[in-house]
Amino acid sequence: MISSLTCLLVAVSISMGDTNTSVLKDPSNNSVVESDTLFVKFENDTIAMQESIPVSQIIYAEHKESPSVFYNIILPIVMLFLGVLIDRLAQMFVDRHRIKQNGEKWKRELLSYIPIVSKQINEIESFIIEYCDKPEQYDIPPLTIFQMLKGSIFESLSKEDLYSYLERKTDNVDVQERYNKILSFITTLDMAHAQLNDSFYRFRESAGEHIDEFNNAQFCYSKILYDISDYVPSAMDKAAYNELSRLYTVAFGNHPDVNPLKLEESFITPSLKIFDSCDKQTFKDLTDELGKMRFCINGMKLEKTYIKSNLETIIQEYKMCQDFLSVVKDYFPS
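Note that the structure is predicted; figures quoted are calculated from it, not measured.

Together, Arg96, Lys100, Arg168 and Lys169 line one region of the surface with positive charge. Looking at the positive patch, the elements with two or more residues in it are α1 (69-132) and α2 (159-169). By the secondary structure assignment, Arg168 is in helix α2. Overall, the relative accessible area of 43% leaves Arg168 in the partly exposed class.

See the structure below:
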């Protein structure tokens, strides 16, 4: 029996005779060999000799294996399917692990908003009590706005993994409904935060404009009041001028930090009444500046009303978020 693909066999005679050494070619690789070389092909590891082997003849035996259906066809196909199956199973394991991790992240992030939303509601309510509900409160207190409530953290979390996690964690429950409620919560949270930032910014900006305009009108009023002191024609107008000067001194003279919201009754209204009994032309410029101050004061009061209305709407939105957060833990059973 021969086990190698190609083996070299040499038959040696007891008597050393002469051999023919004419040249021929090896049919397998076209190399030149001696004429005393015999080429034999064999299958199934058995050489079938059809003729006797001459003495000292060199034999090249080429092993020709018969084709195998199992090794050449069936085995490669089986290995291919096994490779695909193993790859799918590995991917399923990776996906399952990723979905679990991301689902737990969603749960942690959602639950972390419970105390922050409550704090934001308390901050807004305190601002309303301390500023909006006090008609004569002039200084604007600080309002803490928690930037975490913007909800940008959810942009980095996979919504597809969230849906898959809810499917695996909930039985006999409308997963789509819970998924939509979570997305609605994020939208409401982000909208409330944006409205709070925008409303408070516009309020501070408008209030600042009214204050600047009031200060400018007050400066012009004091300048005009000083300039006309020597040009009041009649005794009646002179008495009116003296009363206007007194009212102005009481309102502004001894108070470096004037609260305009307290001047309506103590300065604006009494001064306007004095003008009714005076020469309109003499005090026209003072009347104009006084009217500007009253307009600014009314503007400040309106801004209080607007910001309170906006803040109350935002509180309702945050309370909707709070209601959702009170039950969101049930969306992620352990």
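Counting 42 residues, the largest nonpolar core has Trp106, Ile124, Phe127, Ile182, Phe185, Tyr318 and Phe332 as the members making the most contacts within it. For this core, the secondary structure elements donating two or more residues are α1, α2, α3 (175-227) and α6 (284-325). Ranked by residue count, the leading element in this core is α1, at twelve residues. Ignoring anything within four residues of it in the chain, the contact list for Ile182 reads Trp106, Leu110, Leu162, Leu166, Phe324, Tyr331 and Phe332. Among the nonpolar cores identified, the runner-up in size contains 30 residues, and Leu263, Ile274, Phe283 and Met300 belong to it.

Taken together, the side chains of Glu205, Glu209, Asp212 and Glu213 define an acidic patch exposed on the protein surface. Within the element layout of this structure, Glu205 appears in helix α3.

What follows is about the packing of aromatic side chains. Applying the stated rule across the entire model yields 19 aromatic pairs. Judged by centre distance (6.0 Å) and plane angle (35°), the ring pair of Tyr165 and Phe332 falls under tilted. In this pair, Tyr165 sits in helix α2 while Phe332 sits in the segment after α6, placing the two residues 167 residues apart along the sequence. On the numbers, 6.2 Å between centres and 65° between planes, the contact of Tyr248 with Phe267 is edge-to-face.

About the thresholds
Residues numbered from 1 in each chain as written. Predicted model: local features only at pLDDT ≥ 70, side-chain atom pairs only at ≥ 80, totals over all residues. Heavy atoms only, no water. Patch = residues over 30% accessible without salt bridge, like charges linked within 9 Å, V, L, I, M, F, W, Y side chains within 5 Å. Areas by Shrake-Rupley, 256 points an atom, 1.4 Å probe, with all protein chains shown as cover. Salt bridge = Lys/Arg side-chain N within 4 Å of Asp/Glu carboxyl O. Lys, Arg positive; Asp, Glu negative; His and termini not counted. Charge placed at Lys NZ, Arg CZ, Asp CG, Glu CD. Helix = DSSP H or I, 4+ residues; strand = E, 2+ residues; numbered from the N terminus. Buried < 20%, exposed > 50% of the residue type's maximum accessible area, 1.4 Å probe, protein only. Core = buried A, V, L, I, M, F, W, Y, C linked by side-chain atoms within 4.5 Å. Contact = heavy atoms within 4.5 Å. Phe/Tyr/Trp six-rings, centres within 6.5 Å; stacked < 30°, edge-to-face > 60°.

Just geometry here; none of it tells us what the structure is for.
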